[in-house]
Amino acid sequence: MTEHSTEALAPVHWKLVVDSVDPHSQADFWAAALHYEVEDNSALIERLLEGGALPGGATVEFHGRPAFRDLVAVRHPEDPFDKDSGTGLGRRLLFQRVPEVKTVKNRLHLDLHPGDGRRAGEVERLTALGASVLREVKEPSGEWVVMADPEGNEFCVH
């Protein structure tokens, strides 16, 4: 099939990957922020460890179960997931370990929409989870609050 084909294509499955110094803390923050679930990949990890396909040093204990040391995802609680691996098959954020901290403005960010009249309460809740308010924006096109997660990644609350 060429790129100019008129045949209908299925939507592309995707996940948003976020570089993190501490992916597990970031997963906990974003799971709480979005009311998502941290993925449980422990069954897959145990199979990989038993089969010798994964060294023990590539894992950590996280929430009382084995987890990948350098990556962890959160998923929407109503989306499907692979029961053999724990991997989400829908809306997901994957946090991967990188050695450097964030130093420049995001080129991509999440906009959270808690609902009419709920912005202030949501900002307060997110601040209690470890986010910080960077600035409040009031423009003719609307109002929102620019925040940063615990590692400085920017996002907006509308």
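For the structure, see preceding data.
Residues numbered from 1 in each chain as written. Predicted model: local features only at pLDDT ≥ 70, side-chain atom pairs only at ≥ 80, totals over all residues. Heavy atoms only, no water.

Engineer: Would you mind going over the overall build of the protein chain with me for this structure?
Structural biologist: A count of helical and extended segments in the protein chain gives three helices and 10 strands. Going from the N terminus to the C terminus, the protein chain shows its helices and strands as β-α-β-α-β-β-β-β-β-α-β-β-β. Principal axes of the C-alpha set define a box for the protein chain whose edges measure 60 × 50 × 30 Å. Contacts in the protein chain between residues at least 24 apart in sequence constitute 60% of all its contacts with a sequence separation of at least 6. Summing over all exposed atoms, the protein chain offers an accessible surface of approximately 9900 Å²; the carbon and sulfur share of this is 53%. A distance of 2 Å separates the average location of the 17 positive side-chain charges in the protein chain from that of its 27 negative side-chain charges. (Helix = DSSP H or I, 4+ residues; strand = E, 2+ residues; numbered from the N terminus. Contact = heavy atoms within 4.5 Å. Areas by Shrake-Rupley, 256 points an atom, 1.4 Å probe, with all protein chains shown as cover. Lys, Arg positive; Asp, Glu negative; His and termini not counted. Charge placed at Lys NZ, Arg CZ, Asp CG, Glu CD.)

Engineer: Looking at this structure, how should I read the side chain of N106?
Structural biologist: Tracing the sequence through the fold places N106 in the loop between strand 6 (92-97) and strand 7 (110-112). Given a relative accessible area of 13%, N106 falls into the buried group. Separated by 3.3 Å, the side chain of N106 and the backbone oxygen of L108 make a polar contact. At 3.0 Å, the side chain of N106 and the backbone oxygen of E154 are in polar contact. What N106 contacts, discounting residues up to four positions off in sequence, is G152, N153 and E154. (Buried < 20%, exposed > 50% of the residue type's maximum accessible area, 1.4 Å probe, protein only. Polar contact = N/O pair within 3.5 Å; in protein donor to acceptor, adjacent residues only side chain to side chain.)

Engineer: What should I look at first to understand the pattern of salt bridges in this one?
Structural biologist: Oppositely charged side chains can pair when the atoms bearing their charge come close. The tally for this structure, following the rule as stated, stands at nine salt bridges. The residue R92 makes a salt bridge to E39 at a minimum N-O spacing of 2.6 Å. With a gap of 53 residues between them, R92 in strand 6 and E39 in the loop between strand 2 (37-38) and helix 2 (42-50) connect regions that are remote in the sequence. Its relative accessible area of 9% is what places R92 among the buried residues. The partner of R119 in a salt bridge is E143, and the shortest N-O contact between them spans 3.3 Å. One end of the pair, R119, is in helix 3 (residues 119-129); the other, E143, is in strand 9 (residues 142-148), with 24 residues separating them in the sequence. A relative accessible area of 40% places E143 in the partly exposed class. Ionic contacts of the salt-bridge type, sharing partners, join the residues R69, D70 and R97 into one network. (Salt bridge = Lys/Arg side-chain N within 4 Å of Asp/Glu carboxyl O.)

Engineer: How should I be thinking about the pairing of strand 6 in this particular structure?
Structural biologist: A regular strand carries its side chains on alternate faces of the sheet. With five bridges connecting them, strand 1 (residues 16-20) and strand 6 associate as parallel partners. Residue pairing across strands places L16 opposite L93, the latter belonging to strand 6. In terms of strand pairing, strand 5 (residues 71-75) meets strand 6 through five bridges, oriented antiparallel. Within the sheet, the bridge partner assigned to A73 lies in strand 6 and is L94. (Pairing = 2+ DSSP bridges.)

Engineer: Can you walk me through the sheet that holds strand 9 in this structure?
Structural biologist: In any sheet, the strands associate via hydrogen bonds between backbone groups, in a parallel or an antiparallel arrangement. Strand order in this open sheet of four strands is 7-10-9-8, and the pairing throughout is mixed. Every other strand in the sheet has two partners, leaving strand 7 and strand 8 (132-139) as the edge strands with one partner each. When strand polarity is set aside, the average angle formed by the axes of neighbouring strands in this sheet is 25°. Looking at chain direction, strand 7 and strand 10 (residues 154-157) are connected through three bridges and run parallel. Considered in strand 10, the bridge of L112 is made with V157. (Axes fitted to C-alpha atoms, helices over the stretch in contact; angles between N-to-C directions.)

Engineer: What exactly am I supposed to notice about the pairing of strand 10 here?
Structural biologist: By the alternation rule, side chains of strand 10 split into E154 and C156 and F155 and V157, which are all buried. Of the pairings in the sheet, the one linking strand 9 to strand 10 comprises four bridges and is antiparallel in character. When the sheet's bridge partners are listed, M147 is paired in strand 10 with F155. Counted along the chain from strand 9 to the antiparallel partner strand 10, the turn is five residues long, and its residue G152 has a positive phi close to 95°.

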